[in-house]
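Take a look at the letters that make up each chain.
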Amino acid sequence: MSAPENAWPPPDFAGRFFGPGNKLRWDAIEKGTLKPDTLERIAPWIEDLRTGAEFLCLPRVQENGSVEWYVLASTDSGARSLREQLVAFLGPSLVGPWLSWSRFDDKDAIDVAVQKAAPRRVYRLRVHDRALIEQARAKLLLFRALREERPARTAATARPVGRILGDFEYTLRTQDGEQAAEYIAELRRLGRLSAQNHLFLEILRLESLHAWDEILQEPRLNTLVMLTRPRRVTQALIRALYARDLQHFELTGDAQGAVARFRESIWPRWSVLFRVRQGMDAPEALKCFMMVAAVATPARPSLRDELLTVFASGAPDRHYMEALGALVPATEPPAHAVSGLEHVRTAYEQGDVDRAFGQALGLPSSLARLVLLLRCAREIDTLDIAARAIAEVESAPPALRKELLDRAPMRALWERLLDLTTGTYQRQAPAPVGSPPSPTVPGELVDWLERLLRETEWPAALDVLERGVREWSRDAWLAAPARVAMAAKAIAAPRRAWGDEALRNGLPHLLHFLLPSDEPERTLKPVLRELAGVVTLDDQVRTEQLRILTEITEALLKIGLSPDEYQEAVWALQETWRRIGAATLGDWALDTLDMLITHPAAAPAERAQFFHETSRYLRQHARRTTRDQVLLLQALAEELELELPPDIARTFSEKQGEESDEGEDLSAALSGRRIALYSLKEPTLKRVASVINALAPTARVALFSDKAGGSPSLKQQAATADIFVIATAAAKHAATGFIDANRPADAITLYAAGQGSASMLRALRDFVKQG
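It should be emphasised that the depicted structure is a prediction, and the values quoted were computed from it without experimental measurement.

> Explain the overall build of the chain to me, and be specific about the residues and the numbers.
On a plain count of helices and strands, the chain comes out with 43 helices and 7 strands. At a minimum sequence separation of 6, the contacts of the chain that also span at least 24 residues come to 71%. Per element, the accessible surface of the chain, about 34200 Å² overall, is 51% carbon and sulfur.

Okay, structure coming up:
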């Protein structure tokens, strides 16, 4: 009777592993003809092999005396934890660069044997230094013993809030509203955040989807206006108001009409949203503040001048901003209006908090002045203002400082500012003059990264990073190569567990700072490579981090990689993919392959290998594989001039699960439709169009990659297309805003949660599934 297909290990595995290529031979092991000490040394491993242990650790002795250990897992779930456990037991001095693990030679008989026995469930440890062979063997024996002795138990463990929030932030970056909603639901089940914070997260999710009408629904909007909101939430509300009430004036170039509407409808009811301009960076918000400069009493020409400096000459929005600025009265407030404590209070009460803070800095020291500074700092809520307020309180006379901090509300504001600093400070009483160093707010990225290297935890680390990436001068940092090098060094340095967690959870914010445009600077290469290592070495890597790694890898490809670097980058993607082990990553794999094809390959064989891994993955999960995925894979194969292996081609020869399992047929849903696609990646658009044409030959597909938007053809398609799919992660804001503004209210606009071809096709597929 033949052995079952899932027998562990396979019946012929022992003879193949202890065969040609291994000085240890299976026939000698079975007959006991090896040296007695050798038999004794390998006895534990042979026992595990014969009994079919969950993990097999098997030695291979080379002709030159060097030893390799292959560690195999019997199940996919076991393989996901195996690597982390091995790294923990062996340590970095033995494992070396972890990317050298799991790299197998298809021409090596033993490599082929282990891959067949445990596909994607095997790791290899090479020990060339004879002095380390015994050390490695002892640690592997310890690993084996402890695994045998550990109690068998499982328990569901809730994910840390910071990790969920980190994943949520990345879904905002990719505008994956469905996944973002799942993370909000996960946080709600944990019960660790207030209902108010859940509301804030929902507003950010809706903003990422441009769901302006939902944001402005009553009575939620009234509730939000009454709350003390994070700056990003306030900006989301302003953007929603602009899209609903003011966007059409910009499209027609009617600046005067926009200011009139702002004065009549928005300023009287929503002026509380415009108390602070600092920290706002969305074009819609800046345009609204230009209107504030025109309608406020008194007018604010200084605000107008400040806003005009934000839009460079020739920028798409510059002309409209100038038209709005021309409507701001040129008269400055009388001289007496900018001096004296009462006038500062007046500015604060009139909602001009930025001006109130600036004027308060120039006043003589007093308790009332410090109170105003702290209140302004709380409302403005930027790192720069926090640093300046802290400096003012620190430099105040001790008696005045004590009087200020004896007031409970002021102490609360002060301690909140201290949370943003890099040090640990005594809060129970004001420190004596000249004793400890003044609290320091991180002034740039390196300051933040180096703070993570300390032993003392920093609960506000992510809050500081969220603010910092929107405030720190990226240009100044890039202009100082030494600071960029210091950032890379700080990322690579060992940290306490809390620092590693903060860095990993902060990756979406770091990408916001490092990769704001489509063309990353070459000087970023060492920083990006270190961040890639942060993801690949994470012992709890997850799907959102895999997408982060893909984005980092694409940035590195744009900068340029050597063949060895390219090989390492592709293997990092594959290894991280395997470690996650999810059955829902077909679209990710196709998007990543799409990305690899778009850029030159320094090591074409590695790219071809990724293609074959993708083919095998889709075959393995054939019930989840849809027809559009198969068509896309075939299109990618043609571009690579590769062929699907015969067994995989047979698997994909018939209709896949989409038509049979998902109800409505995508082909029928798209037939005869006018479909418009927008992305900055023209090759991606062409691939998506080819798949749509194969699925629905009667569909009419229009492709757009306008960087600024505004072309007559784009406007026409925005107004007339039955379905418009936008790859927002690979799109310019000006163009997406233009499309949104010209779409009819009942038109179907889909936002792809990714930059690749598969993500755009998935947006169509999900739309059809939802009916």
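> Tell me about the pattern of salt bridges, and name the residues and values.
Side-chain pairs of opposite charge can arise whenever the charged atoms involved come near each other. One pass over the full model with this rule turns up 57 salt bridges. A salt bridge links R542 to D538, with the shortest nitrogen-to-oxygen separation between them at 3.6 Å. Exposure class is identical for R542 and D538. Each is buried. Through salt bridges with shared partners, one network takes in R159, D167, E186, R504, D538 and R542.

> Tell me what's going on with the sheet that holds strand β3 (residues 122–127), and back it up with residues and numbers.
The 3 strands are arranged β1-β2-β3 in an open sheet whose pairing can be described as antiparallel. Sheet topology places β1 (55–61) and β3 at the edges, where each strand pairs with a single neighbour. Taken over all neighbouring pairs, the strand axes of this sheet differ in orientation by 20° on average, direction set aside. With 7 bridges connecting them, β1 and strand β2 (residues 67–73) associate as antiparallel partners. Looking at the pairing, C57 lines up with V71 of β2. Docked against the sheet, helix α3 (residues 36–51) engages β1 and β2, running at close to 130° with respect to β1.

> Break down the nonpolar core for me, with residues and values.
L404, W448, W477, L514, V527, L528 and I692 are the most contacted members of the largest nonpolar core, which has 132 residues in total. The element that contributes the greatest number of residues to this core is helix α21 (residues 367–380), accounting for 9 residues. Once residues within four sequence positions are removed from consideration, L514 is found in contact with L445, R474, W477, L524, V527, L528 and L531. Ranked by size, the runner-up nonpolar core spans 60 residues in total, among them L206, A258, M290 and L324.

> Could you give an account of unusual backbone geometry, with specific residues and numbers?
That bond from E218 to P219 is cis: its omega, 0°, falls within 30 degrees of zero. Residue placement: P219 occurs in the loop between α11 (212–215) and α12 (220–226). At the junction of T297 and P298, the peptide bond is cis and its omega measures out at -5° in the coordinates. Looking at the element boundaries, P298 is found in the loop between α16 (283–295) and α17 (301–308). In this structure, Q175 is a non-glycine residue whose phi angle is positive, near 60°. With respect to the helices and strands, Q175 occurs in the loop between α8 (161–174) and α9 (177–190). With relative accessibility at 11%, the residue Q175 sits in the buried group. Of note in the backbone geometry, E641 takes a positive phi value of approximately 60° without being a glycine.

> Talk me through the sheet that holds strand β7 (residues 748–751); I want residue IDs and the actual numbers.
The parallel open sheet is built from 4 strands, whose spatial order is β5-β4-β6-β7. For this open sheet the edge positions go to β5 (700–704) and β7, each flanked by a neighbour on one side alone. The average angle at which neighbouring strand axes cross in this sheet is 20°, direction not considered. Bridge analysis of strand β6 (residues 723–726) against β7 gives 4 bridges, and the strand direction is parallel. Bridged to I726 within β7 is Y751.

> Report on the side chain of E207, specifying residues and quantitative values.
Here E207 shows up in helix α10 (residues 195–208). Using a relative accessible area of 13% as the deciding quantity, one classes E207 as buried. The contact partners of E207, leaving out residues within four places of it in the chain, are W212, I215, R232, A236 and R239.

> Please give an account of the packing of helix α31 (residues 525–536) against helix α33 (residues 563–580) that cites residues and values.
When two helices pack together, their arrangement is given by the angle between the helix axes and by the axis-to-axis distance. The contact between α31 and α33 brings their axes to 10 Å, and the two run at 25°. It follows that α31 is roughly parallel to α33 by the angle criterion. The two elements α31 and α33 cross, and the hand of that crossing is left-handed. Along its contact with α31, which presents K525, R529, V535 and T536, the element α33 presents E565, E568, A572, T576 and R579.

> Let's hear about the packing of helix α30 (residues 507–514) against α31: which residues, and what values?
Look at α30 against α31: their axes get within 12 Å of each other, and the N-to-C directions meet at 165°. In terms of axis orientation, α30 runs roughly antiparallel to α31. Regarding α30 and α31, the two cross each other, and that crossing is left-handed. Within the contact between the two elements, α30 uses L507, L510 and L514 and α31 uses V527, L528, L531 and V535. Considered class by class, the residues forming the contact of α30 with α31 number 7 nonpolar, no polar and no charged.

> How would you sum up helix α41 (residues 712–720)? Please name residues and give values.
Counting along an α-helix, one turn takes 3.6 residues, and residues three or four places apart therefore face a common direction. Those residues of α41 that sit buried are L714, Q717 and A718. Around the axis of α41, the buried residues are gathered within 105° of arc, so they sit on the same side. For α41, exposure combined with an orientation more than 90 degrees from the buried face picks out P712 and Q716.

> Outline the packing of aromatic side chains, supporting the account with residue identities and numerical values.
Here the structure, examined in full by the defined rule, presents 16 aromatic pairs. Between F18 and W26, the aromatic rings sit 5.9 Å apart at their centres with planes inclined by 25°, giving stacked as the arrangement. In terms of burial, F18 and W26 fall into one category: buried. Relative to Y617, the ring of W577 has its centre 5.1 Å away and its plane inclined at 55°; by these criteria the two rings are tilted. On the criterion of sequence distance, the pair formed by W577 in helix α33 and Y617 in helix α35 (residues 604–620) is long-range, its members being 40 residues apart.

> Which residues make up the confidence of the model for the chain, and what are the values?
The predicted model of the chain averages 87 in pLDDT, with 90% of residues at 70 or higher. Of all secondary-structure elements in the chain, the lowest mean pLDDT belongs to helix α38 (residues 657–661), at 43, while helix α25 (residues 445–451) reaches the highest, 97. Note on residues 1–5: pLDDT is under 50 here. Beyond four places in sequence and across chains, it has 1 contact.

> Please set out the pairing of β2 residue by residue, giving values where relevant.
A large share of β2 lies buried, amounting to 7 of its 7 residues. Of the two faces of β2, the one holding V67, W69, V71 and A73 and the one holding E68, Y70 and L72 are both buried throughout. Of the pairings in the sheet, the one linking β2 to β3 comprises 6 bridges and is antiparallel in character. In the sheet register, V67 faces β3, and the bridge partner there is V127.

Criteria and thresholds
Residues numbered from 1 in each chain as written. Predicted model: local features only at pLDDT ≥ 70, side-chain atom pairs only at ≥ 80, totals over all residues. Heavy atoms only, no water. Helix = DSSP H or I, 4+ residues; strand = E, 2+ residues; numbered from the N terminus. Contact = heavy atoms within 4.5 Å. Areas by Shrake-Rupley, 256 points an atom, 1.4 Å probe, with all protein chains shown as cover. Salt bridge = Lys/Arg side-chain N within 4 Å of Asp/Glu carboxyl O. Buried < 20%, exposed > 50% of the residue type's maximum accessible area, 1.4 Å probe, protein only. Pairing = 2+ DSSP bridges. Axes fitted to C-alpha atoms, helices over the stretch in contact; angles between N-to-C directions. Core = buried A, V, L, I, M, F, W, Y, C linked by side-chain atoms within 4.5 Å. Parallel < 35°, antiparallel > 145°, perpendicular 65-115°, else oblique. Left-handed = near helix turned anticlockwise from the far one by under 90°. Nonpolar A, V, L, I, M, F, W, Y, C, P; charged D, E, K, R; others polar. Arc of directions from axis to C-beta. Phe/Tyr/Trp six-rings, centres within 6.5 Å; stacked < 30°, edge-to-face > 60°. pLDDT = per-residue confidence, 0-100.

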